[in-house]
Amino acid sequence: MTNPFEDEDATYRVLVNDDGQHCIWPDFADVPAGWTTVHDPGPRASAVEYVEQHWTDMRPHSVLH
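The structure presented is a predicted model; accordingly, all values stated were derived computationally and were not measured.

Parameters and conventions
- Residues numbered from 1 in each chain as written.
- Predicted model: local features only at pLDDT ≥ 70, side-chain atom pairs only at ≥ 80, totals over all residues.
- Heavy atoms only, no water.
- Core = buried A, V, L, I, M, F, W, Y, C linked by side-chain atoms within 4.5 Å.
- Buried < 20%, exposed > 50% of the residue type's maximum accessible area, 1.4 Å probe, protein only.
- Helix = DSSP H or I, 4+ residues; strand = E, 2+ residues; numbered from the N terminus.
- Contact = heavy atoms within 4.5 Å.
- Polar contact = N/O pair within 3.5 Å; in protein donor to acceptor, adjacent residues only side chain to side chain.
- Salt bridge = Lys/Arg side-chain N within 4 Å of Asp/Glu carboxyl O.

K.L.:
Which parts of the structure should I look at to understand the nonpolar core?
P.N.:
Ala10, Tyr12, Val14, Ile24, Ala47, Tyr50, Val51 and Trp55 form the largest nonpolar core, which has eight residues in total. Counting only elements with at least two residues in this core, the list comes to strand S1 (11-17) and helix H1 (44-54). When residues of this core are assigned to their parent elements, the largest contribution, three residues, is made by H1. Beyond its immediate chain neighbours, meaning those up to four positions away, Val14 contacts His22, Cys23, Ile24, Thr36, Thr37, Val38, His39, Ala47, Tyr50 and Val51.

This is the structure we're talking about:
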């Protein structure tokens, strides 16, 4: 079985939580509570690129305020 988070042929979305943390998420899986979709489903490479461009400070927002 392939890891659903590393399948290059799968479709992913990008999620973000209230702390501004991002993750790629397999499109077939329900979005977990506390997370919001910020990048529509697409190829894994597109999701990874979005995260790299938009999540430049890995510190959770809660520790910045």
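K.L.:
It is not clear to me how the environment of Tyr12 should be interpreted in this structure. Could you clarify?
P.N.:
Turning to its location among the elements, Tyr12 is positioned in strand S1. Separated by 28 residues in sequence, Tyr12 and Asp40 place their C-alpha atoms 7.9 Å apart. Within the structure, Tyr12 has its side chain in polar contact with the backbone oxygen of Pro4 (distance 2.6 Å). A polar atom in the side chain of Tyr12 sits 3.0 Å from the backbone nitrogen of Asp7.

K.L.:
Quick question: what am I supposed to make of the pattern of salt bridges here?
P.N.:
Where charged atoms of side chains with opposite charge meet at close range, the side chains can pair. Within this structure, the stated rule accounts for two salt bridges. Across the pair Glu8 and Arg44 runs a salt bridge whose closest N-O atoms are separated by 3.6 Å. Taken as a pair, Glu8 in the segment before S1 and Arg44 in helix H1 lie far apart in primary sequence, 36 residues in all. With relative accessibility at 19%, the residue Arg44 sits in the buried group.

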